[in-house]
Each structure stands twice: as C-alpha cells, then as structure tokens.
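# Observations on the model geometry
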Amino acid sequence: MIPKYSQEDLTSARHRIIEVGKYLDSKGWTPATSSNFSLRLDENYCAITVSGKHKGYLTPDDVMVVDLQGKPIDEQKPSAETLLHTTLYQKNGDTGAVLHTHSLNATVFSMIWHQPHWEVTGYELQKAFTGITSHESTIKFPIFDNSQDIANLAQEVLLYLDSDIPCWGYLIKGHGIYTWGETVEGALRHLEALEYLLQCQLLTLQLGKC
C-alpha cells in the first residue's frame, strides 16, 4: 500500500493527539499510562499513540503510524489495543478519530451494571450524539467483557456494529470507554457527553432512584 497522507498530515495528526492527550489528562480520564488515541491519515493508515506513555506528556515521537490491520510501519510498539481502533476505521470510512479513556466513572459503572448494554433516555445532552435530535430518544451503549484477546474483542465489537443499532461508543468492564467520530472534535464530543451521562446514572443509583 502506498501512503496517500503527507508529512504535513502526520505532523498535524501528532499535534492534535498531543492536544487531546493533555486535555483528557486534565480531566483525570487517562491515569498512569492508560488510554490510547488515534486519527485516520488516509484510507489505509492511521496515527496512534505508542505503548506505555503517559498521555498527558506526549511528544511527537510518541505518536506512530499503523496500517488498518494494525501493523506498524516502523519499529515502534503501538498500543496493545490497536485493533480496537483500526477495525472501527475499516468498518466505517467516515470514522476519522477514535478515543479510548479510563475514567473512574466508566470503570466503576461498567463493573456494577450487570447487563450487556446500557440504555439512556430523557436527557437533553443526548443530542450531543450525531443523529440524535430529541431527548425523547432512547440510545444504547454496549458493555463488553474485558479480555486480553484483543482480536476477539474487536470482532465482538464489529458483530455489534453489524446489527446497525446506532452507536457512538462502548464500555469495557473494569476498563474504560471507546468513542469515535468523523473528526477529533466529534469523538471528543461523544466522549464528554457519555461521561456526563455516566455521572448522572451513578448519581441516580446513589440516590436510590433507579
């Protein structure tokens, strides 16, 4: 495959990923060396964070390039969860960015919610998700079991997406959140909205209202 992205495209992607890393770290959603972020470069490649780096202190060298099968183009080591990014790019050519975080809310909620999905309705902020125009809609987020078999987990995600149920993100039990969008801004909007709704749900449970 001959890359179609330019060096300027890669430089820009690295800059955006570094910015996002600093912002999400400031929210407390990327503790230690957790989390990973990626941006599509063209139809065959994406830029993604390397393995084992604190996402609040990324440098350009901490963002590498892999193809959409998850194979690096150099000797750097990508995140172990790279396939959870690249399969989303393969599934939908409009997906331009994927964000994965490990917030406290997402981690705790995914452990206490004993259903394979979480449904939300009635919140005005639901309209932050692409295609949702009313708080009266019911939206659904799948919750997958945590697994060290990333290839198998990626296939589980694809199987869910093949159901054509509208989806902007998912949770992994005891692990965190994946969200995506056509742009970094879209993926970030989905992430922040999902985090807010998770906090609402946890508070509702704490108050004994659910």
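A brief structural summary. Quick caveat, the model's predicted, so the values are computed rather than measured.

What counts, and where the lines are drawn
Positions within a chain are numbered from 1, following the residues in the order the chain's sequence is written. Under the rules for a predicted model, residues below a pLDDT of 70 receive no local features and side-chain atom pairs below 80 are neither given nor counted, while totals for whole chains, interfaces and linings still include all residues. Hydrogens and waters are ignored; side-chain quantities use all the structure's heavy atoms. Points on a 1 Å grid over protein atoms alone make up a cavity when a 1.4 Å probe fits among them but cannot get out, and a pocket when they form an open set with protein on both sides within 12 Å along at least five of seven lines; lining residues each have an atom within 4 Å of a point. Grid points are joined across faces, edges and corners, and a volume is the space filled by probe spheres set on the points. A run of H or I in DSSP becomes a helix once it reaches four residues, and a run of E becomes a strand once it reaches two; helices and strands are each numbered from the N terminus. Each residue is assigned to one class: nonpolar for Ala, Val, Leu, Ile, Met, Phe, Trp, Tyr, Cys and Pro, charged for Asp, Glu, Lys and Arg, and polar for all the others, Gly among them. To get an axis, fit a line to the C-alpha atoms, keeping to the stretch in contact for a helix; angles then go from 0 to 180 degrees between the N-to-C directions. A clockwise turn of the near helix away from the far one marks a right-handed crossing, whereas an anticlockwise turn of less than a right angle marks a left-handed crossing. By the convention used here, residues are in contact when the closest approach between their heavy atoms is within 4.5 Å. Note on classification: 1.4 Å probe, protein chains only; a residue is buried when its accessible area is under 20% of the maximum for its type, exposed when over 50%, partly exposed between these limits. We treat two strands as partners when DSSP finds at least two bridges between them. A helix's residues, less one, multiplied by 1.5 Å, set its expected span. By construction, the arc corresponds to the directions joining the helix axis to the C-beta atoms.

### Considering the layout of surface pockets
Roughly 420 Å³ of internal volume is contained in the largest pocket. Residue lining of the largest pocket: 16 residues in total, with N92, T95, L161, C167 and W180 positioned closest to the centre. For the lining of the largest pocket, the secondary structure elements donating two or more residues are α2 (82-91) and β8 (176-181). Taken together, the residues of the lining of the largest pocket break down into 7 nonpolar, 5 polar and 4 charged. In this structure, the second largest pocket occupies an estimated 230 Å³ of space.

### Here we look at the packing of α2 against helix α4 (residues 150-161)
Close contact between α2 and α4 brings their axes to 9 Å; oriented N to C, the two are set at 30°. Handedness of the α2/α4 crossing: right-handed. Every residue of α4 that contacts α2 at L83, L84, T87, L88 and K91 is listed here: I150, A151, L153, A154, V157, L158 and L161. Across the contact of α2 with α4, the residue classes tally to 10 nonpolar, 1 polar and 1 charged.

### Structural notes on the pairing of strand β4 (residues 97-101)
Among the 5 residues that make up β4, 5 are buried, leaving the element largely enclosed by the rest of the structure. Here 4 bridges tie strand β1 (residues 36-40) to β4, and the two strands are oriented antiparallel to one another. Each bridged residue has a counterpart across the sheet, and for L39 the counterpart in β4 is A97. The sheet contact formed by β4 and β8 spans 5 bridges and is antiparallel. Pairing of V98 across the sheet is with W180, part of β8.

### Some thoughts on helix α1 (residues 7-26)
Here α1 contains 20 residues, and its C-alpha end-to-end distance of 29 Å stays within 8% of the 28 Å for a straight helix at 1.5 Å per residue. What α1 keeps buried is the set L10, A13, R14, I17, I18, V20, G21 and L24. Each buried residue of α1 sits inside an arc of 165° when the element is viewed along its axis, so together they form one side. Among the exposed residues of α1, those pointing more than 90 degrees away from its buried face are E8 and S26. Buried positions along α1 lie against β1, β2 (45-49), β3 (63-67), β4 and α5 (184-206). Two residues or fewer past α1, G28 is found with a positive phi of approximately 80°.

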